[in-house]
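Here are the chains, one letter per residue:
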Amino acid sequence: SVSETKSPAMRLRRLRLNTVPHMDRDRGCDPVVTVLVKCEQDFEEYELFRSKNHHEARHFKPTDKICDLEIGADGEGLRVAGDVHIILGHDSQSFMSKPSKMCFFWVHTTF
């Protein structure tokens, strides 16, 4: 097992969805991104970035064809290493509701 302290780091700048997911009535979506990292000591996941905390979700329509989602608060992206968990959700625009999960994936920076 390779530790995250020995894993090479990478910088996530944006995610691109090559189609617009059909998540609301007009067949568009309001995507939000959450990035977590798994700690090698306690095996817990810790949140590094949540797009809703930095900017309002942009609404994409099917005619947009591409969703470019910026990651990081300063335009420099987000530096990550080790086991990285990326979750894409749809912001329902309701004050009380949580974003619905569209998909998720893991990246390990050693490979």
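Below is a summary of the structure that appears in this document. (Residues numbered from 1 in each chain as written. Predicted model: local features only at pLDDT ≥ 70, side-chain atom pairs only at ≥ 80, totals over all residues. Heavy atoms only, no water.)

Right, let's get into the overall build of the protein. Looking only at helices and strands, one finds zero helices and eight strands in the protein. For the protein, the residues scored as buried account for 35% of the 111 residues in total. In the protein, 67% of the contacts between residues at least 6 apart in sequence involve partners at least 24 apart. Of the roughly 7,400 Å² of accessible surface on the protein, a fraction of 51% belongs to carbon and sulfur atoms. (Helix = DSSP H or I, 4+ residues; strand = E, 2+ residues; numbered from the N terminus. Buried < 20%, exposed > 50% of the residue type's maximum accessible area, 1.4 Å probe, protein only. Contact = heavy atoms within 4.5 Å. Areas by Shrake-Rupley, 256 points an atom, 1.4 Å probe, with all protein chains shown as cover.)

Looking now at unusual backbone geometry. A positive phi angle, near 65 degrees, is found at Arg-27, a position not held by glycine. Checked against the element boundaries, Arg-27 lands in the loop between β2 (14-17) and β3 (31-38). For Lys-65, which is not glycine, the phi dihedral falls at a positive 70 degrees. The residue Lys-65 is located in the loop between β4 (45-50) and β5 (67-70) in this model.

The strand order β4-β3-β7-β8 describes an open sheet built from four strands, whose pairing is antiparallel. The open sheet has two free edges, formed respectively by β4 and β8 (100-108), since each of these has just one partner strand. The sheet shows a mean angle of 25 degrees between the axes of neighbouring strands, direction not considered. (Pairing = 2+ DSSP bridges. Axes fitted to C-alpha atoms, helices over the stretch in contact; angles between N-to-C directions.)

What follows covers the layout of surface pockets. Approximately 220 Å³ is the volume attributed to the largest pocket. Taken together, 13 residues form the lining of the largest pocket, with Thr-34, Arg-50, Ile-87, Gly-89 and Pro-99 sitting closest to its centre. Counting only elements with at least two residues in the lining of the largest pocket, the list comes to β3, β7 (83-90) and β8. In terms of residue count, β3 provides more of the lining of the largest pocket than any other element does, four residues in total. By residue class, the composition of the lining of the largest pocket is six nonpolar, three polar and four charged. (1 Å grid on protein atoms, 1.4 Å probe; cavity = no way out; pocket = protein on both sides within 12 Å on 5 of 7 lines; lining within 4 Å. Points joined across faces, edges and corners; volume = space filled by probe spheres on them. Nonpolar A, V, L, I, M, F, W, Y, C, P; charged D, E, K, R; others polar.)

So, about the pattern of salt bridges. This model, assessed by the stated rule, comprises five salt bridges. With its nearest N and O atoms 3.3 Å apart, the salt bridge here joins Arg-14 to Glu-70. With Arg-14 in strand β2 and Glu-70 in strand β5, this residue pair connects regions lying 56 residues apart in the sequence. Assessed through its relative accessible area of 39%, Glu-70 is described here as partly exposed. (Salt bridge = Lys/Arg side-chain N within 4 Å of Asp/Glu carboxyl O.)

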